Amino acid sequence: MMKSPELLLPAGTLDKMRTAYAFGADAVYAGQPRYSLRARNNEFKLEELQIGIQEAHALGKKLFVASNLMPHNAKVKTYMADMEPVIAMKPDALIMADPGLIAMVRERWPEQEIHLSVQANTVNYAAVKFWKSLGLSRVILSRELSLDEIEEIRQQCPDMELEVFVHGALCIAYSGRCLLSGYFNHRDANQGTCTNSCRWDYKIDNAEENGTGDIERLPEKLDFDFDKALSQSALSDCGSQPRHPMADRVYVISRQDHPGELMPVLEDEHGTYIMNSKDLRAVEHVERLVKIGIDSLKVEGRTKSIYYVARTAQVYRQAIDDAVAGRPFNLSLLGALDALANRGYTDGFYERHHTHEQQNYMRGHSESFRQQYVGDIVSCANGMAEIDVKNKFSVGDKLEIIHPAGNHIIDLTEMRSLEGVTMNVAPGSGHRVQIPLQGELAKGMVARFL
C-alpha cells in the first residue's frame, strides 16, 4: 500500500479548525495577523493559537503557524519578541518565506521545525536542496509547477518533505507576489492585507490612441454579439486559431467604484486577459501526487466558510484514501466541489495540455452534480435543529446533511420559526429556522440543498 499524504486544511477560526479535523484533515494551518498573509478576518491571536495547538495535539493532529509575510524593517524589529510566546506553545511547524526571519528563528530556536512557504517560489530541486541545507524540514512547492516537474523534484530530493496545493484560489501573480492591491488601495498583499483587486467588478470600453499617443475612451459601446463576432473571425498569422479583426484594437477597463480611472487592455493571439483567475481544483490529480510521494496536500482558504472547510476536507479525504487503497478515482468528487462558491475551476499548471476529450469528460461529471449551500446547523434540541440560513430553501426540498460519519439526504417536510410558527420557506441569509432532525443526524454540522 502506498504512503498516505497528510491532508492539510485552512483554519481561519477555531470552529473551522474543529470542522477540518472532524471531516478528515490531518493538520491545519493558522496565522498570526501581524506576520501571516491574512491580517484581516483572522481570529488567531495568542489565546486562540494556544487553544488550537492544545486541541490539535489532544486529537493527535497537527497545527502549523503561518508566519510567511515579507517583512519591512519595522516588523523585523518586533518579530523575535512577538514570536517567543508562540514558540513556547510548541506549534508543529512555522510556515515561513523570508530568508532573514528564517535565519533568525533557526539561530534562536534551532529545534523549531520550519516549512518553507509557497511565497518563496520554489520551482526546482536545487532550491529544495538549498533550503534543506539550512535545516528546513519541508518545502511548499510553487503552484506554477507541472506534475512532471514535481515528480523530478521528488526524485532528486527523496529525503525532503514536499507539500503542494490541490484546491483554492489562484493568484494572477507568481505564487501571490502581487502589487495590485497596494497600487489601488495602499493595502499590500505581501503584508497580509490584500483586497483581492483582481476579482473586482471591471467594465470594458472601446478606446483609441490619439495624436499625442494617449489612450482615450470612445463613446460607442462594445458589441458583445459573440455569434456575429465568431462568424467574422479570420485565421491568425500564427496558425489556425480564429481571431476577430477587432482584436488588434485598444480597449480600456475601469473599476466600478472608480469609473474615471481607465486602464488599457490588449488582446494577443491567445485571447484577452484582464485579471481574474479561475480557482484551483486538482482532486483528479490526487492519485498521481500520491504515487509521486508528496508528503502533504494543501487546501487554500482561511477566509472561506465552515461549509467550504467541511466539503473540501471530506472530498480530498476520500480521494486520498481511494488512491492509497488502489481504488479508481470517484468521478462524483468533481461535482461535489462545484457546490462551493467558485470562479470556475482549473487544475492550474499541473497538466499543461488537456485534450478535448479530457475537457469534456471533466465538465460532464462536474455539471451533473448541482447543489447549493443553504445553511449551518447551529444547535439541536428536542428533535429540532436550528439552521442559520445562507440561501433560500423550502418545505419539499431535499437537503443533504454533511456529517463526519457520512452524508445523508432527507426530504424536508416541516419548517418552523424560532418561535415555533410553521413556515414553508426560509427566505435567505440573515434568517434562522428550525427543521426536524433525529438521531445521529442531529449532530450534523452543515446542511445544504440538493
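Look up: the structure comes first, before these words.
Remember, it's a predicted structure, so these values are computed and weren't measured experimentally. (Residues numbered from 1 in each chain as written. Predicted model: local features only at pLDDT ≥ 70, side-chain atom pairs only at ≥ 80, totals over all residues. Heavy atoms only, no water.)

Now for the packing of aromatic side chains. This model, assessed by the stated rule, comprises 3 aromatic pairs. Ring plane angle 90° and centroid distance 5.0 Å describe the contact between Tyr35 and Tyr79, whose orientation is recorded as edge-to-face. Taken together, the residues Tyr35 in the loop between β2 (27–31) and α2 (46–58) and Tyr79 in helix α3 (residues 73–88) connect sequence positions 44 residues apart. Judged by its relative accessible area of 0%, Tyr79 falls in the buried class. Just above the ring of Phe165 sits the side chain of Arg143; from NZ or CZ to the centre is 4.0 Å. Over the ring of Tyr29 we find Lys298; its NZ or CZ atom is 4.4 Å from the centre of that ring. (Phe/Tyr/Trp six-rings, centres within 6.5 Å; stacked < 30°, edge-to-face > 60°. Helix = DSSP H or I, 4+ residues; strand = E, 2+ residues; numbered from the N terminus. Buried < 20%, exposed > 50% of the residue type's maximum accessible area, 1.4 Å probe, protein only. Lys NZ or Arg CZ within 6 Å of the ring centre and 35° of its normal.)

To continue, consider unusual backbone geometry. Within the chain, Lys90 stands out as a residue other than glycine whose phi angle is a positive 65°. With a relative accessible area of 62%, Lys90 lands in the exposed category. Backbone geometry places Asn121, a non-glycine residue, at a positive phi of 60°. By secondary structure assignment, the location of Asn121 is in the loop between β5 (114–116) and α5 (125–133).

This paragraph deals with the pattern of salt bridges. If the charged atoms of two oppositely charged side chains come close together, the side chains can form a pair. Tallying each qualifying case throughout the model produces 22 salt bridges. Across the pair Glu163 and Arg138 runs a salt bridge, and its minimum N-O distance is 2.7 Å. Residue Glu163 is found in strand β7 (residues 161–168), and its partner Arg138 is found in strand β6 (residues 138–140); the two are separated by 25 residues along the sequence. Both residues of the pair, Glu163 and Arg138, belong to the buried class. The shortest N-O distance in the salt bridge between Lys390 and Asp388 comes to 3.3 Å. Exposure remark for Lys390: the relative accessible area of 30% places this residue in the partly exposed category. (Salt bridge = Lys/Arg side-chain N within 4 Å of Asp/Glu carboxyl O.)

This paragraph deals with the side chain of Lys75. Positionally, Lys75 belongs in helix α3. Given a relative accessible area of 17%, Lys75 falls into the buried group.

Scanning the model with the defined rule gives 3 cavities of 30 Å³ or more in all. Considered as a void within the structure, the largest cavity measures approximately 70 Å³ in volume. Ser142, Arg143, Phe165, Leu280 and Tyr350 are the residues nearest the centre of the largest cavity, which is lined by 13 residues in total. Looking at the second largest cavity, its volume works out to about 60 Å³. In terms of lining residues, the second largest cavity is bounded by Val283, Val286, Glu287, Ala319, Asp322, Ala323, Arg327, Pro328, Phe329 and Asn330. Elements supplying a minimum of two residues to the lining of the second largest cavity: α9 (286–292) and α10 (306–325). Considering every element that reaches the lining of the second largest cavity, the biggest residue donor is α10, with 3 residues. Residues belonging to the lining of the second largest cavity are distributed by class as follows: 6 nonpolar, 1 polar and 3 charged. (1 Å grid on protein atoms, 1.4 Å probe; cavity = no way out; pocket = protein on both sides within 12 Å on 5 of 7 lines; lining within 4 Å. Points joined across faces, edges and corners; volume = space filled by probe spheres on them. Nonpolar A, V, L, I, M, F, W, Y, C, P; charged D, E, K, R; others polar.)

On to the packing of α3 against helix α4 (residues 99–108). Here α3 crosses α4 at 40°, and the two axes come no closer than 11 Å. Taken together, the axes of α3 and α4 are oblique relative to one another. As α3 runs across α4, the sense of the crossing is right-handed. Within the contact between the two elements, α3 uses Val76, Tyr79, Met80 and Glu84 and α4 uses Leu101, Met104, Val105 and Arg108. The residue makeup of the contact of α3 with α4, split by class, is 6 nonpolar, no polar and 2 charged. (Axes fitted to C-alpha atoms, helices over the stretch in contact; angles between N-to-C directions. Parallel < 35°, antiparallel > 145°, perpendicular 65-115°, else oblique. Left-handed = near helix turned anticlockwise from the far one by under 90°. Contact = heavy atoms within 4.5 Å.)

On to the nonpolar core. Counting 90 residues, the largest nonpolar core has Leu9, Leu63, Tyr79, Leu141, Val164 and Tyr316 as the members making the most contacts within it. No other element matches the 11 residues that α10 contributes to this core. For Tyr316, the contacting residues outside a window of four places in its chain are Leu7, Val166, His167, Arg281, Ala282, Val283, Val286, Val299 and Leu337. Core analysis: the second largest hydrophobic core is formed by 16 residues, Val374, Val389, Ile401 and Leu441 among them. (Core = buried A, V, L, I, M, F, W, Y, C linked by side-chain atoms within 4.5 Å.)

Before going further, it helps to spend a moment on the pairing of strand β17 (residues 296–299). Here β17 shows no split at all, with Ser296 and Lys298 on one side and Leu297 and Val299 on the other all buried. Judged from the 3 bridges that link them, strand β1 (residues 6–10) and β17 form a sheet pairing that is parallel. Residue Glu6 lies in a different strand from β17, and its bridge partner there is Ser296. One ladder, built from 4 bridges, connects β7 with β17; its direction is parallel. Within the sheet, the bridge partner assigned to Phe165 lies in β17 and is Lys298. (Pairing = 2+ DSSP bridges.)

The analysis is restricted to geometry; functional conclusions fall outside its scope.
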